[in-house]
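Structure assessment
Listed below are the residues making up each chain.
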Amino acid sequence: MCIFCEIAKKSIPSYKIYEDVDCYAFLDLAQAGVGHTLVIPKQHVKNIYELDEATAGKLFEVTCRLAKAISKAMNVEGCNILNNNGSVAGQEVEHFHIHIIPRVANDGNTFAFKGHHLTEEQFKEVKEKITSILKEYN
Ligand code: AMP
Ligand code: ZN
């Protein structure tokens, strides 16, 4: 049983924000910012590695529209668009979802990023690794 599939089917209640043939959006129960919304595909897809690009496009179109509407409605200064893939990246619910998190100044909701310091050589190596594999996806 997947909780987000149940929400999309309305077997489990949610605070629905938006729905169309492919997408469903609802308020996250843990509001990282007031108006925090999740956008999901209705079809069960575990994470971005299983997501097809056509569905990704539809989801981001909806995310784009909702980010504007939510930010206006909540009267906020900005928002984070966030998506976690895999438990190592903090994904808890294994049904692909995009977070829209409204932000206001000094809300304390900061990402504790510790940046990696790469040498120029390392940057070039990383770039080469990614761009050579990327050819497999064209
Ligand atoms: P993630 O850590 O990216 O997998 O995020 C999962 C999110 O789903 C968390 O922010 C939870 O608060 C949220 N969540 C889990 N169950 C529900 C639910 N029944 N209704 C709304 N949000 C939920
Ligand atoms: Zn699901």
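Just so it is clear, the structure is predicted and the values come from calculations on it, not from any experiment.

Here the focus is the layout of surface pockets. In this structure, the largest pocket spans a volume of roughly 370 Å³. Forming the walls of the largest pocket are 20 residues, and the residues nearest its centre are Phe4, Asp28, Leu29, Leu38 and Val93. It is helix 1 (residues 3–8) that provides the largest number of residues to the lining of the largest pocket, a total of three residues. Grouping the constituent residues of the lining of the largest pocket by class yields twelve nonpolar, six polar and two charged. Quantified by volume, the second largest pocket comes out at close to 310 Å³. Forming the walls of the second largest pocket are 14 residues, and the residues nearest its centre are Ile48, Tyr49, Leu51, Glu53 and Ala56. Listed by contribution, the elements that provide at least two residues to the lining of the second largest pocket are helix 2 (53–74) and strand 4 (78–82). Among the elements that line the lining of the second largest pocket, the one with the most residues is helix 2, at four residues. Looking at the lining of the second largest pocket, its residues break down into eleven nonpolar, one polar and two charged.

Criteria and cut-off values
Residues numbered from 1 in each chain as written. Chains lettered and ligands numbered in written order. Predicted model: local features only at pLDDT ≥ 70, side-chain atom pairs only at ≥ 80, totals over all residues. Heavy atoms only, no water. 1 Å grid on protein atoms, 1.4 Å probe; cavity = no way out; pocket = protein on both sides within 12 Å on 5 of 7 lines; lining within 4 Å. Points joined across faces, edges and corners; volume = space filled by probe spheres on them. Helix = DSSP H or I, 4+ residues; strand = E, 2+ residues; numbered from the N terminus. Nonpolar A, V, L, I, M, F, W, Y, C, P; charged D, E, K, R; others polar.

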